[in-house]
Amino acid sequence: MALALRCLRPLPPLLLRSAPAVPRGLPRSPGGCPAPLPLPGGCSRCAQHLLLSRQLATKKAKGKGQSQAKVNISAALVEDIINLEETSEDMQAVIEALKEDFSRNLSVRTSPGALDSITVVTKDGKFPLNQLGQISQKSPQLLTVNMASFPESTAAAAKAIRESGMNLNPEVDGTVIRVPVPKVTREHRESLAKLAKQATNKSKEALRKVRSKSITQVKKSKNKVSEDTIWLLEKQIQQMADEAAAEMDKLLAAKTKELLG
């Protein structure tokens, strides 16, 4: 009997070691409720805190020679701080505007559409050329702009065409502006490539303004949310801007290749 009792004495410690470990350090909401999982119908603030805590782990995981993990915060969880979807749309709008600029204004072969968006400065304000005159192509080597509807703006329209950066030298004949299409020379191609670079830089400046506006919006909530949340949101906005800038670089590379041949 004594031997049997001695054999049973180690059982409690063994049972204790075999019991499932109680997790420590679970994320807690400001109200103190643990949130191991964002349960349906549970505390949404806890779920948000848990998500941001998991994202923050990527910040601390960065080491020498390692790339930093990509941040991907759910827009719905931070909509009371900033509208990330709107920020994304604003950045995409800048990209689309650059595409439109490349398509309309930067072509080796000058077409009537290339003149449409040239801005003409008149005494009544600024207007696209196609709102003041009728643009047509008489031959592969000649475009014309009929200014009969606004004859007083003929000189201003010719000046705008000349200063458009498209290497055009318009000739005024009454209310008709004749625009000889220049031959495609190496110099002309290089000039267009420079314009493409300038347009891309201008678009990146617009992109930086979108980014700065969004980060300013986030910082307005610094007294309401944690520093980690602010850091993660700033990082995500910068990440979105970097991706948009990278897409612009790809568009520029493709356009430059097209222009230089």
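Everything numeric in this text was worked out from a predicted model, so none of it was measured.

Rules used in this analysis
Residues numbered from 1 in each chain as written. Predicted model: local features only at pLDDT ≥ 70, side-chain atom pairs only at ≥ 80, totals over all residues. Heavy atoms only, no water. Helix = DSSP H or I, 4+ residues; strand = E, 2+ residues; numbered from the N terminus. Buried < 20%, exposed > 50% of the residue type's maximum accessible area, 1.4 Å probe, protein only. Contact = heavy atoms within 4.5 Å. Areas by Shrake-Rupley, 256 points an atom, 1.4 Å probe, with all protein chains shown as cover. pLDDT = per-residue confidence, 0-100. Pairing = 2+ DSSP bridges. Axes fitted to C-alpha atoms, helices over the stretch in contact; angles between N-to-C directions. Core = buried A, V, L, I, M, F, W, Y, C linked by side-chain atoms within 4.5 Å. Salt bridge = Lys/Arg side-chain N within 4 Å of Asp/Glu carboxyl O.

It is worth spelling out the overall build of the protein at this point. Secondary structure summary: the protein contains nine helices and six strands in total. Going through the 261 residues of the protein one by one, you find that 32% of them count as buried. Excluding contacts between residues fewer than 6 apart, the proportion of contacts in the protein whose partners are at least 24 apart in sequence is 58%. Carbon and sulfur atoms make up 53% of the accessible area of the protein, which totals about 16,700 Å².

Per-residue confidence for the protein gives a mean pLDDT of 78, with 72% of residues at or over 70. The element-level mean pLDDT for the protein is lowest in helix α2 (residues 11–18), coming to 41, with strand β5 (residues 171–173) highest at 95. Considering only residues more than four positions removed or in separate chains, one finds that residues 1–5, a stretch of pLDDT under 50, has zero contacts. Low confidence marks residues 53–65, where pLDDT is under 50. Its contacts with residues over four positions away, or in another chain, come to 15 contacts.

The next subject is the sheet that holds strand β4 (residues 142–146). Spatially, the four strands line up as an open sheet ordered β3-β4-β6-β5, and their pairing is antiparallel. Since the sheet does not close on itself, it has two edges, and those belong to β3 (134–139) and β5, each with one partner. Strand-to-strand twist across the sheet, computed as the mean angle between neighbouring axes with direction ignored, equals 25°. Helix-sheet contacts for helix α7 (residues 154–162) involve β4, β5 and β6 (176–180), and the interaxial angle to β6 is about 15°.

This part takes up the pairing of β3. Both faces of the sheet carry side chains from a regular strand, because those side chains alternate between them. Across five bridges, β3 lies against β4 in antiparallel orientation. Its bridge partner being in β4, Ser-136 is matched across the sheet by Thr-144. Where β3 hands over to β4, the hairpin turn is made up of two residues, counted between the paired strands.

For the rest of this paragraph, the subject is the nonpolar core. In this structure, Leu-84, Met-91, Phe-102, Leu-233 and Ile-237 are the most contacted members of the largest nonpolar core, which totals 30 residues. Considering each element in turn, this core owes the most residues, eleven residues, to helix α9 (residues 227–260). Those residues within four positions of Ile-237 in sequence are excluded, and the remaining contacts are Ile-82, Leu-84, Met-91, Arg-211, Ser-214, Ile-215 and Val-218. Membership of the second largest hydrophobic core comes to 20 residues, among which are Ala-114, Ile-135, Ile-161 and Val-179.

This part covers the pattern of salt bridges. This model, assessed by the stated rule, comprises seven salt bridges. Residue Lys-159 is joined to Glu-163 by a salt bridge in which the shortest nitrogen-to-oxygen separation is 3.2 Å. Of the residues examined, Lys-159 reaches a relative accessible area of 45% and is grouped as partly exposed.

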